[in-house]
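The primary structure of each chain is shown beneath.
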Amino acid sequence: MATTAAPLNYLNNGYGAASWLLTRDHKRIALLYLYSITAFFFLGGFFALLIRLELLTPAADMVAPDMYNRLFTMHGVVMVFFFLIPSIPAVLGNFLIPIMVGAKDLAFPRINLLSWYIYVLGGLFTIVAAISGGVDTGWTFYAPYSTSASNSHVILAGVGIFITGFSSILTGLNFIVTVHRMRAPGLTWFRLPLFVWAHYATSLIMILGTPVIAITVLLVAVERGLHLGIFDPALGGDPILFQHLFWFYSHPAVYIMILPAMGVVSELVQAFARKNIFGYSFVAFSSLAIAVIGFLVWGHHLFVAGQSTYAGLVFSLISFFVAIPSAVKVFNWTATLYKGSVSWDSPMLYAFGFIGLFTIGGLTGLFLATLGMDIHMHDTYFIIAHFHYVMVGGAIFGYLGGLHYWWPKITGRMYPEGWAKFAALNIFVGFNLTFFPQFIVGYLGMPRRYAMYAPEFQVYNVLSTAGATILGVGYLIPMIYFAWSLKHAPRAGDNPWGARGLEWEIPSPPPTENFTATPIVTEGTHQYAPSREVGIV
Ligand code: HEM
Ligand SMILES: [Cu+2]
């Protein structure tokens, strides 16, 4: 095979469908995920486009209200369960974690492949649900509407989410075992890259939280199909129980989305400021703290659901605590930048975007966690703006930053930096134009989830739709230059950024088994300067 100049790597080591569809190489599986989540991203984006077009005018004139309900539900379901939750862990985590710990693969390569198939199967159910008319309950599936009243494809979509949940659980399991058991000699816990710490914490949430959402959507399906009284009061059930179960997973799930992005930003800040992270152990432990405290705050979604005021106060207080480890990260990134020799390469632009936008998203989360404020703002566009600042401004910026940073490693090619900077700017401007007006219009009282609205809100909605158009173009540009780069861009070399870390010490693209010899680690893997090591393990 390897007769030509190109050395054997994971990409040219076997061609043909079977070598991909039956692969056990974590790097190939990462690419399988990359293709499939990208497809879901554009499907979810298509629904978003239709939502924004409908909202250009106050009347429900493009689609009927019932269709509108299906559009925003499918948008949420696809983006949350099939794009954001798998995005960074399944693509970048899968590709990088074994390399970052100095291993040949994840602990369970076959289970890794299985988790991709499970993901695809769950996705197919959801696509069938979408094609046959969609779901109209909102991504939150609130009962008893979902169990009794809705006549859309709740069971089909619910089963799709149930199945996909197992993919998440298996990925988390694989990461945890890999980090515990597969670290190279000398790679102690406190020498691990922060990207690995963030994924470790995320994996804990995946394993402990996902079973709860899985059983909850299954119970909705069971109640719908068999009329057992679980959530519907007319059958003797309790709808508030549904909300507790749903948010017990879905609040921690927001950290499944944001923690890996924080892991990416920690790497980017170090690489492009050429400095060791400020307060390594604080940043590492703040991931764990977020994972743990994140499980205790779900009640902030139930402030107006009939939960007792006392419970509301307690959940409000604990929600403030969860902001502390998030703030620790933001402060430590900022302190790392201080006096660093910062270069403004495109991945770093996303990191800067993340830091600013996540801060806005997190702080508005605190507004909402304030009991009295939330009573005014609940179910308005303020909520939509809040969570898009964290999910898009945070998670997607982290994902794109990471994809740009590691693209040369993954493919062996650079991408056109000028276009990359332009796209990053485009996305930043488009994003803010889309979602900032929603804070205002939400505060003014525009409720979420309606196809029509009062005419005085139109100007904000026109701004949002204009922004969404710019944002959409911004997302298409990287698609084009990434595809173009595969054949036409210059070769990247092993370490184009001059960055530290085991992944930059092996060839690009990496060989199938990552390392020719097991690396022996003698210092923190991401040391840009000699520094005191923390902890001895
Ligand atoms: C500083 C930490 C955060 C706090 C204190 C916080 C607080 C809140 C509160 C109180 C709500 C409920 C508002 C309501 O419905 O009345 C909410 C909604 C939401 N938040 Fe956050 N949040 C935080 C971070 C995040 C992050 C990091 C994400 C995602 C990556 C996120 C995603 C969401 C989503 C998706 C919703 C709306 C769910 C829905 O009703 O559809 N939040 N947040
Ligand atoms: Cu929450």
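Residues numbered from 1 in each chain as written. Chains lettered and ligands numbered in written order. Predicted model: local features only at pLDDT ≥ 70, side-chain atom pairs only at ≥ 80, totals over all residues. Heavy atoms only, no water.

Novice: I keep staring at the site of ligand 1 and nothing clicks. Help me out?
Specialist: Around ligand 1, a shell composed of 21 residues is seen, among which Trp-139, Asp-374, His-378, His-386 and Arg-448 lie nearest. One nitrogen or oxygen atom from the side chain of Trp-139 is found 2.9 Å from an oxygen atom belonging to ligand 1. Contact distances for ligand 1 include 2.5 Å between an oxygen atom and a side-chain N or O atom of His-378. Cavity membership is defined here by more than half of the atoms lying within 2 Å of grid points; on that basis ligand 1 lies in the largest pocket. Going through the elements one at a time, α8 (239–273), α11 (346–369) and α13 (381–411) are the ones with two or more residues in the shell around ligand 1. Residues belonging to the shell around ligand 1 are distributed by class as follows: 12 nonpolar, seven polar and two charged. (Near = heavy atom within 4 Å. Polar contact = N/O pair within 3.5 Å; in protein donor to acceptor, adjacent residues only side chain to side chain. 1 Å grid on protein atoms, 1.4 Å probe; cavity = no way out; pocket = protein on both sides within 12 Å on 5 of 7 lines; lining within 4 Å. Sits in = over half its atoms within 2 Å of the grid points. Helix = DSSP H or I, 4+ residues; strand = E, 2+ residues; numbered from the N terminus. Nonpolar A, V, L, I, M, F, W, Y, C, P; charged D, E, K, R; others polar.)

Novice: Could you clarify how one ought to interpret the coordination of the copper ion (ligand 2) in this entry?
Specialist: Four donors placed tetrahedrally about a metal ideally form angles of 109.5 degrees, and six donors placed octahedrally ideally form angles of 90 or 180 degrees. Protein-derived coordination of the copper ion (ligand 2) comes from His-251 (ND1), His-300 (NE2) and His-301 (NE2), at a distance range of 1.9 to 2.0 Å. Between consecutive donor residues of the copper ion (ligand 2), the sequence gaps follow H-x48-H-H. In this structure the iron atom of ligand 1 is found 4.4 Å away from the copper ion (ligand 2). Overall, His-300 belongs to the buried group, its relative accessible area being 15%. Of the residues examined, His-301 reaches a relative accessible area of 24% and is grouped as partly exposed. (Donors = N, O, S within 2.8 Å, 3.2 Å for Na, K, Ca; no water. Buried < 20%, exposed > 50% of the residue type's maximum accessible area, 1.4 Å probe, protein only.)

Novice: I'm lost on the packing of α13 against helix α14 (residues 417–443) in this one. Help?
Specialist: When two helices pack together, their arrangement is given by the angle between the helix axes and the distance between those axes. The N-to-C vectors of α13 and α14 enclose an angle of 165°; their axes lie 7 Å apart at closest approach. Considered as vectors, α13 and α14 are oriented roughly antiparallel to each other. In the crossing of α13 with α14, the sense of the turn from one axis to the other is left-handed. Here Tyr-381, Phe-382, Ile-384, Ala-385, His-386, His-388, Tyr-389, Val-392, Gly-393, Phe-397, Leu-400 and His-404 of α13 lie close against α14, whose contacting residues are Ala-420, Ile-427, Phe-428, Phe-431, Asn-432, Phe-435, Phe-436, Gln-438, Phe-439, Val-441, Gly-442 and Tyr-443. Here the contact of α13 with α14 is composed, by residue class, of 17 nonpolar, seven polar and no charged. (Axes fitted to C-alpha atoms, helices over the stretch in contact; angles between N-to-C directions. Parallel < 35°, antiparallel > 145°, perpendicular 65-115°, else oblique. Left-handed = near helix turned anticlockwise from the far one by under 90°. Contact = heavy atoms within 4.5 Å.)

Novice: Honestly, empty space enclosed by the protein in this entry has me stumped. Any pointers?
Specialist: To find the voids left in a structure, one rolls a probe of water-molecule size over its atoms. For the structure shown, the criterion picks out one cavity of 30 Å³ or more. For the largest cavity, the calculated volume is near 160 Å³. Phe-81, Ile-85, Pro-86, Thr-164 and Ser-168 are the residues nearest the centre of the largest cavity, which is lined by 17 residues in total. Secondary-structure elements contributing two or more residues to the lining of the largest cavity are α3 (65–100), α6 (154–181) and α7 (194–226). Here the lining of the largest cavity takes six residues from α6, the largest share from any one element. (Points joined across faces, edges and corners; volume = space filled by probe spheres on them.)

Novice: Would you take a moment to explain the confidence of the model for the protein for this structure?
Specialist: In low-pLDDT segments, the atomic positions of the prediction should not be examined closely. Per-residue pLDDT for the protein averages 95, and the proportion of residues at 70 or more is 97%. Taken together, the stretch residues 532–537 has pLDDT below 50 and engages in 12 contacts with residues farther than four places along the chain or on a different chain. (pLDDT = per-residue confidence, 0-100.)

Novice: Just to check I follow, could you spell out the coordination of the iron atom of ligand 1 for this structure?
Specialist: When only protein atoms are considered, the iron atom of ligand 1 has one donor, His-386 (NE2), at a distance of 2.1 Å. Relative to the helices and strands, His-386 resides in helix α13.

Novice: Just to check I follow, could you spell out unusual backbone geometry for this structure?
Specialist: Cis geometry marks the peptide bond from Ala-143 to Pro-144, where omega comes out at 5°. The residue Pro-144 is located in the loop between α4 (109–131) and α5 (145–149) in this model. Ser-508 connects to Pro-509 through a cis peptide bond whose omega is -15°. Turning to its location among the elements, Pro-509 is positioned in the segment after α15 (458–488). Its identity is not glycine, yet His-227 carries a phi of approximately 55°, on the positive side. Tracing the backbone through its elements, the reader meets His-227 in the loop between α7 and α8. Even without being glycine, Arg-274 reaches a positive phi, approximately 55°. As for its placement among the helices and strands, Arg-274 is situated in the loop between α8 and α9 (280–293).

Novice: Quick question: what am I supposed to make of α7 here?
Specialist: Helical periodicity: at 3.6 residues per turn, an α-helix aligns residues three or four positions apart in one direction. With 33 residues, α7 should reach 48 Å at 1.5 Å per residue; the first-to-last C-alpha distance of 47 Å fits that figure. Along its length, α7 shows its largest kink, about 35°, at Gly-209, and proline Pro-211 lies within four residues downstream of that point. A positive backbone phi angle near 55° is found at His-227, which sits one or two residues after α7. (Expected span 1.5 Å × (residues − 1). Bend = angle between axes of the 7 residues up to and from the residue.)

Novice: I would appreciate a short explanation of the packing of aromatic side chains in the present structure.
Specialist: Applying the stated criterion across every chain, the model contains 50 aromatic pairs. Between the aromatic rings of Phe-242 and Phe-246, the centroid separation amounts to 5.8 Å while the plane-to-plane angle is 25°, which identifies the pairing as stacked. Here the residue Phe-242 and the residue Phe-246 both occupy positions in helix α8, the gap between them amounting to four residues, near one helical turn. Just as Phe-242 is buried, Phe-246 falls in that class too. Taken together, Tyr-350, Phe-367, Phe-382, Tyr-389, Phe-397, Phe-431, Phe-435, Phe-436 and Phe-439 form an aromatic cluster joined through their ring pairs. A cation sits over an aromatic face here: Arg-28 above Trp-20, 4.1 Å from the ring centre. (Phe/Tyr/Trp six-rings, centres within 6.5 Å; stacked < 30°, edge-to-face > 60°. Lys NZ or Arg CZ within 6 Å of the ring centre and 35° of its normal.)

Novice: Where do I start with a nonpolar patch on the surface in this structure?
Specialist: Where nonpolar side chains cluster on the molecular surface, the patch consists of Phe-46, Leu-49, Leu-53, Leu-56, Met-62 and Val-462 and spans about 490 Å² of accessible area. The element contributing the most residues to the nonpolar patch is helix α2 (residues 26–54), with three residues. In this structure Leu-53 comes out as partly exposed when scored by relative accessible area, which is 37%. (Patch = residues over 30% accessible without salt bridge, like charges linked within 9 Å, V, L, I, M, F, W, Y side chains within 5 Å. Areas by Shrake-Rupley, 256 points an atom, 1.4 Å probe, with all protein chains shown as cover. Salt bridge = Lys/Arg side-chain N within 4 Å of Asp/Glu carboxyl O.)

Novice: I tried to follow the pattern of salt bridges on my own but got confused; where do I start?
Specialist: When the charged atoms of two side chains with opposite charge come close together, those side chains can pair. In this structure the tally under the stated criterion is five salt bridges. Here Arg-448 makes a salt bridge to Asp-379, at a shortest N to O gap of 3.7 Å. Remark: Asp-379 occurs in the loop between α12 (371–377) and α13 and Arg-448 occurs in the loop between α14 and α15; sequence separation between them is 69 residues. Since its relative accessible area comes to 35%, Asp-379 is described here as partly exposed. Put simply, Glu-523 and Arg-500 hold a salt bridge, and the shortest N to O gap is 3.1 Å. Highlighted residues: Glu-523 in the segment after α15 and Arg-500 in the segment after α15, separated in sequence by 23 residues. Exposure remark for Glu-523: the relative accessible area of 31% places this residue in the partly exposed category. A relative accessible area of 28% places Arg-500 in the partly exposed class.

Novice: Explanation requested: the nonpolar core in the structure shown.
Specialist: Across soluble globular proteins, nonpolar side chains show a tendency to be buried alongside one another. Ranked by size, the top nonpolar core spans 167 residues in total, and within it Leu-92, Phe-354, Tyr-399, Tyr-405 and Trp-406 carry the most contacts. It is α3 that provides the largest number of residues to this core, a total of 22 residues. The contact partners of Trp-406, leaving out residues within four places of it in the chain, are Leu-92, Leu-96, Met-100, Phe-195, Val-264, Glu-267, Glu-503 and Trp-504. (Core = buried A, V, L, I, M, F, W, Y, C linked by side-chain atoms within 4.5 Å.)

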